[in-house]
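# Chain and residue survey
Spelled out, the chains give:
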Amino acid sequence: MVTSAPIASEEFVSYLENLFTISLKDIKVIITDFHAEMQKGLSGYESSLKMIPSFVDRPKGDEHGSFIALDLGGTNFRVLAVELDGKRNATVRAVSKFVIPKKEMRGTGVQLFDFIVGCIDSFLTENSIDRKKLYNLSFTFSFPVEQTTIAAGKLLIWTKGFTAKGVEGKDIIILLNEALSRRNISCIKVTALANDTVGTLVARSYTDPTCDLGVILGTGTNACYREKLSNIQKLKVADAKGYMIVNMEWGNFNQLRLTRYDNELDQASVNPGAMYLEKMVSGMYLGEITRLILIDLTKRDPIFLKDSDAAESFKKRNSLKAEHMSLIEGDTTTNLDEIDRFLRNNGISNSTPHDRTTLKRLCEVVSARAARLGAAAISAVITWMDPELKDVHTVGIDGSLFEKYPGFEAKMTDVFKKMYVEKAKKITLVNSKDGSGKGAAIIAAIAASSETNQP
Ligand code: ADP
Ligand code: MG
């Protein structure tokens, strides 16, 4: 129903609820489509899922030593010093967090890598790290990289709003090493390149061997899982035994029903036509979908936010964020005072309780679809590994959306309960905070030990 005729908010919300529903039947279709795309990706055929081999398996738990890890997410850049005791304990000794400025995200590759190395330099100084020693460093780089060894890989395509020139098609480790040389930092040896999903899986499975799936729900969304080497046909390893973690790049899954709000968002993005699952699920986009709906409602309903200029307040793209939606959905006060405060901060001082309830419901519609799609994707990967759900599967999840959005996790587990009833107990979601950073250190340890073990 697309109409420009006046419509009451209640009616509009029901219409939206319908439009954004992900039914169990939809989920079953998504699972089948996911499996077909996974198969194609693993065989080396064209697929919306790239299914990138990571060249690491789960750790054994006895990896040890001190490592430096870099974690470039999409919003934040973290530098960590991590210690592994060889007994399944990973401790973050120091961590510094930096926000990537827009200028560096969208400038040149040299600017971006110089910024990264500048952060490493400050980290070494702030934590009085002895520059006469040599430290193994692992780089968690959360973008689609075609990995060729544990310490080499080319960026396939930028996502999450990054456009830094001269990086696509280049080896990330070479670019990092060049930037380290430009700044004369010689106490660092880059030993591993990892995706954040792989880091998350590795970190969780270091302490918990039932973890076989790593998921990101932050600025973007992605996942990796443990695959039989014999199933990764494109690797063409003769007589393949054992397992390898595969980075799915699931944010690009495209067999989804887009609404006109999704289409509008997609068309205005820096990467139209790509990353549909990410654009419907992850933190970078949820606010914008909600904003487009809100603007639409102000045009349709003469009562909603009537004496204010809501369309003006939220005129700017990306002016409504996932963090705001968290605050709105988290408001449990009788009069929705938090929402009132939020609206006042945005120049709307006369909202009615009805306006505030409606706004909350708009957020609920958008976040519920995100959580259900996330759960559908997890279900697809688990049933790929274990169609009968015979084993226990722990899913390590890193990302602020999962960690901080009220009710997000509950909405996901609700899907498992409805889909698998009793067997839903086999699936456990755990927040793997700092997982991608800790995992990077463990991967550096695996890389260092496989180097020493080489003949
Ligand atoms: P990165 O994706 O850079 O690794 P995070 O996992 O911290 O970093 O994710 C940051 C993203 O998570 C933000 O861009 C935002 O979309 C989302 N986010 C941050 N805080 C919240 C919050 N309180 N509620 C919902 N989403 C949030
Ligand atoms: Mg991250």
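Residues numbered from 1 in each chain as written. Chains lettered and ligands numbered in written order. Predicted model: local features only at pLDDT ≥ 70, side-chain atom pairs only at ≥ 80, totals over all residues. Heavy atoms only, no water.

## Examining the overall build of the protein
On a plain count of helices and strands, the protein comes out with 16 helices and 13 strands. At 23 Å, the protein has a C-alpha radius of gyration in line with the 23 Å of a compact globule built from 455 residues. With the C-alpha coordinates of the protein rotated into their principal frame, the extents come out at 75 × 50 × 40 Å. Relative to its 455 residues, the protein shows a buried fraction of 56%. Considering only intrachain contacts with a sequence separation of at least 6, the fraction spanning at least 24 residues in the protein is 71%. By element, 52% of the accessible surface of the protein is carried by carbon and sulfur atoms, the whole surface being about 19300 Å². (Helix = DSSP H or I, 4+ residues; strand = E, 2+ residues; numbered from the N terminus. Rg over C-alpha atoms; globule rule 2.2 N^0.38 Å. Buried < 20%, exposed > 50% of the residue type's maximum accessible area, 1.4 Å probe, protein only. Contact = heavy atoms within 4.5 Å. Areas by Shrake-Rupley, 256 points an atom, 1.4 Å probe, with all protein chains shown as cover.)

## Topic: helix 13 (residues 353-385)
Given a rise of 1.5 Å per residue, 33 residues ought to cover 48 Å, and the 48 Å separating the end C-alpha atoms of helix 13 matches this to within 8%. Within helix 13, 26 of the 33 residues are buried, which leaves it mostly tucked inside the rest of the structure. (Expected span 1.5 Å × (residues − 1).)

## Let's talk about the sheet that holds strand 3 (residues 76-85)
Overall, mixed pairing links the five strands, which are arranged 4-3-2-5-8 in an open sheet. In this open sheet, the two edge strands, each paired with only one partner strand, are strand 4 (90-99) and strand 8 (188-194). Mean inter-strand twist for the sheet, computed between neighbouring axes without regard to direction, equals 20 degrees. Examined bridge by bridge, strand 5 (residues 135-141) and strand 8 share six bridges and lie parallel to one another. Bridge pairing in strand 8 places Phe 139 opposite Leu 193. (Pairing = 2+ DSSP bridges. Axes fitted to C-alpha atoms, helices over the stretch in contact; angles between N-to-C directions.)

## Thoughts on helix 11 (residues 322-329)
Three or more residues of helix 11 are buried, namely Ala 322, Met 325, Ser 326, Ile 328 and Glu 329. The arc that holds every buried residue of helix 11, seen down its axis, measures 165 degrees, which confines them to one face. For helix 11, the elements touching its buried residues are helix 9 (283-300), helix 12 (337-345), helix 13, helix 14 (400-404) and helix 15 (408-420). (Arc of directions from axis to C-beta.)

## Some details on the domain arrangement of the protein
Domains assigned within the protein are domain 1 (1-54 + 196-433) and domain 2 (64-194). The gap between the C-alpha centroids of domain 1 and domain 2 is 27 Å. Between domain 1 and domain 2, the residue contacts involve 18 residues of the former and 23 residues of the latter. Across the domain 1 to domain 2 interface the summed buried area is about 1600 Å²; carbon plus sulfur atoms make up 58%. Linking domain 1 with domain 2 are zero salt bridges, by the criterion used here. If you look at where domain 1 meets domain 2, you find five residue pairs in polar contact (both at pLDDT 80 or more). Elements that contribute at least two residues to the side of domain 1 that touches domain 2 include exactly strand 1 (52-53), helix 6 (196-207) and helix 9. The greatest single-element share of the side of domain 1 that touches domain 2, amounting to four residues, is contributed by helix 6. Among the residues forming the side of domain 1 that touches domain 2, the class breakdown is eight nonpolar, six polar and four charged. (Domains from an automatic or database assignment. Buried area = accessible area lost by both parts, 1.4 Å probe. Salt bridge = Lys/Arg side-chain N within 4 Å of Asp/Glu carboxyl O. Polar contact = N/O pair within 3.5 Å; in protein donor to acceptor, adjacent residues only side chain to side chain. Nonpolar A, V, L, I, M, F, W, Y, C, P; charged D, E, K, R; others polar.)

## As for the site of ligand 1
Close to ligand 1 lie 17 residues; Gly 74, Thr 75, Thr 219, Ser 326 and Ser 400 are nearest. In this structure, a nitrogen atom belonging to ligand 1 sits 2.5 Å away from a side-chain N or O atom of Ser 326. Elements with a contribution of two residues or more to the shell around ligand 1: strand 3, helix 9, helix 11 and helix 14. Split by residue class, the shell around ligand 1 holds four nonpolar, ten polar and three charged. The residues that make up the shell around ligand 1 include at least three from each of domain 1 (1-54 + 196-433) and domain 2 (64-194). (Near = heavy atom within 4 Å.)

## Some points on the sheet that holds strand 11 (residues 243-247)
Judged by pairing direction, the sheet is mixed, and its six strands sit side by side in the order 1-11-10-9-12-13 without closing on themselves. Strands at the two margins of the open sheet, each flanked by one partner only, are strand 1 and strand 13 (427-431). Packing against the sheet, helix 6 makes contact with strand 9 (211-217), strand 10 (221-228), strand 11, strand 12 (393-398) and strand 13, and its axis sits at approximately 135 degrees to strand 9.

## Concerning the packing of helix 1 (residues 9-20) against helix 13
Any two packed helices are characterised by the angle at which their axes cross and by the distance between the axes. Here helix 1 crosses helix 13 at 5 degrees, and the two axes come no closer than 10 Å. By the angle between their axes, helix 1 is roughly parallel relative to helix 13. Facing Ser 9, Glu 10, Phe 12, Val 13, Leu 16, Glu 17 and Phe 20 of helix 1, the residues of helix 13 in contact are His 354, Thr 358, Arg 361, Leu 362, Val 365, Val 366 and Arg 369. (Parallel < 35°, antiparallel > 145°, perpendicular 65-115°, else oblique.)

## Quick look at the pattern of salt bridges
Counting across every chain of the model gives 24 salt bridges. For Asp 340, the salt bridge goes to Arg 356, with nearest N and O atoms at 3.6 Å. One end of the pair, Asp 340, is in helix 12; the other, Arg 356, is in helix 13, and 16 residues separate them in sequence. Of the two residues, Asp 340 and Arg 356, neither departs from the other in class, the shared state being buried.

## Digging into the environment of Lys 87
By secondary structure assignment, the location of Lys 87 is in the loop between strand 3 and strand 4. Each C-alpha atom of the pair Lys 87 and Ala 194 lies 22 Å from the other, and the pair is 107 residues apart in sequence. Those residues within four positions of Lys 87 in sequence are excluded, and the remaining contacts are Gly 61 and Tyr 206.

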